[in-house]
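# Observations on the three-dimensional arrangement
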Amino acid sequence: MKIAVFYHHIREAAKQAGMTEEQVLVQLRKAGVGYAEADFDDLVKNPEMIVRLNEAGLSVSSIYCFFDFALRKEEDRVWQLIKTAHQARCRQVMVIPGFYYSEEKEARREALDRMVHMTGAFCQLASANGLTVTMEDFDDSRSPIKNSRGLLYFAERIPELKITFDTGNFVFCGEDVLEAFERLKDKIVHVHCKDRRIEGFDAEEGKMDERGHMMYASPVGSGFLPMEEIVRRLQAMGYDGIYTAEHFGSMKQLEYMFESVAWLKAHEI
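Basis of the calculations
- Residues numbered from 1 in each chain as written.
- Predicted model: local features only at pLDDT ≥ 70, side-chain atom pairs only at ≥ 80, totals over all residues.
- Heavy atoms only, no water.
- Salt bridge = Lys/Arg side-chain N within 4 Å of Asp/Glu carboxyl O.
- Helix = DSSP H or I, 4+ residues; strand = E, 2+ residues; numbered from the N terminus.
- Buried < 20%, exposed > 50% of the residue type's maximum accessible area, 1.4 Å probe, protein only.
- Core = buried A, V, L, I, M, F, W, Y, C linked by side-chain atoms within 4.5 Å.
- Contact = heavy atoms within 4.5 Å.
- Polar contact = N/O pair within 3.5 Å; in protein donor to acceptor, adjacent residues only side chain to side chain.
- 1 Å grid on protein atoms, 1.4 Å probe; cavity = no way out; pocket = protein on both sides within 12 Å on 5 of 7 lines; lining within 4 Å.
- Points joined across faces, edges and corners; volume = space filled by probe spheres on them.
- Nonpolar A, V, L, I, M, F, W, Y, C, P; charged D, E, K, R; others polar.

## Things to note about the pattern of salt bridges
Pairing between side chains becomes possible if they bear opposite charge and their charged atoms approach one another. Under the defined criterion, the tally for this structure stands at 23 salt bridges. In this structure, K15 and E12 form a salt bridge, with 3.9 Å as the shortest nitrogen-oxygen distance. Here K15 and its partner E12 are both found in helix 1 (residues 7-17), three residues apart, which amounts to about one turn of the helix. Take K15: its relative accessible area is 60%, and that puts it in the exposed class. A relative accessible area of 24% places E12 in the partly exposed class. Two residues, E229 and R232, come together in a salt bridge whose shortest N-O distance is 2.7 Å. One end of the pair, E229, and the other, R232, are both in helix 9 (residues 227-236), three residues apart, so they sit about a helical turn from each other. For R232, a relative accessible area of 44% translates into the label partly exposed.

Here it is as structure tokens:
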């Protein structure tokens, strides 16, 4: 099984444990982690991240990037992302296309049309440059892709666009994750393994869903989401991509990463 973690978690783990990022990377590699997911802006500011990863025997699995296509074309940012992906020897990027800034129906429709148009243009350009573009269910009320319906709206209009299936984000808007999986499975090429729990530790950052319930990070397999069934369905359909453990907000990143990796390895067929 190919396993990744977020570079953000590596950095946080080093701060929390009083270690260097290099020390954390060495431990993760020994535990079976082969990849790291990187934030585009973080990678541009800290290009040495690629060197650290490579020296530890890890590769960049995907680069995620926030755009504001509802308001602007961002052509320079598009080209910089493509260039950065090639520099990192990464063949996959994930786009967050933008957000709604109005509750007015017509304004939202126009914003959605612009986001779809610009995402489609970006996908064509990225594909011509050897990159696969994905999109995830992004847990924000202002996001046009907060649920499977929103993702399908983009995917049905953009043939090149694929799906990063984030296991923990559908619950934000009250959508059943297994039903979402069945709707999206033909487009899935990447997976964020995010579990959730309803209890948080002191000073731990939580996420409030649209019903007003707080959710907190959890090691994969330790929360309330059906992670075992999701992994089983992925393997049954022949998924051979990367499983990225995700737990933003955790105050125990190193511990969570080790637990998540161990759980994923234990559930490999």
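## Re the nonpolar core
In summary, soluble globular proteins display a tendency toward joint burial of nonpolar side chains. Formed by 81 residues in total, the largest nonpolar core has its most connected members in I63, F122, F154 and F165. It is helix 6 (residues 105-128) that provides the largest number of residues to this core, a total of eight residues. Excluding its chain neighbours within four sequence positions, the residues that come into contact with I63 are A38, D39, F40, L43, L81, T84, A85, A88, C90, Q92, V93 and M94.

## Looking at the environment of Y216
With respect to the element layout, Y216 can be found in strand 10 (residues 214-218). You can call Y216 buried: its relative accessible area is 17%. Put simply, Y216 and F248 are 32 residues apart on the chain and 8.8 Å apart in space, counted from C-alpha to C-alpha.

## What to know about the side chain of R196
Counting through the fold element by element, R196 comes out in strand 8 (residues 195-197). Residue class for R196 comes out buried when judged on its relative accessible area of 6%. A polar side-chain atom of R196 sits 3.0 Å from a polar atom in the side chain of D139. Within the structure, R196 has its side chain in polar contact with the side chain of N169 (distance 3.2 Å). Residues contacting R196, with those up to four places away along its chain left out, are D139, G168, N169, V171, K207, M215, Y216, S218, G223, F224 and L225.

## Some points on the layout of surface pockets
One number sums up the size of the largest pocket: a volume of about 480 Å³. Elements represented by at least two residues in the lining of the largest pocket include exactly strand 3 (59-66), strand 4 (92-96), strand 8 and strand 10. At four residues, strand 10 tops the list of elements feeding residues into the lining of the largest pocket. The class makeup of the residues in the lining of the largest pocket is ten nonpolar, six polar and nine charged. Of the pockets and cavities examined, the second largest pocket occupies roughly 210 Å³.

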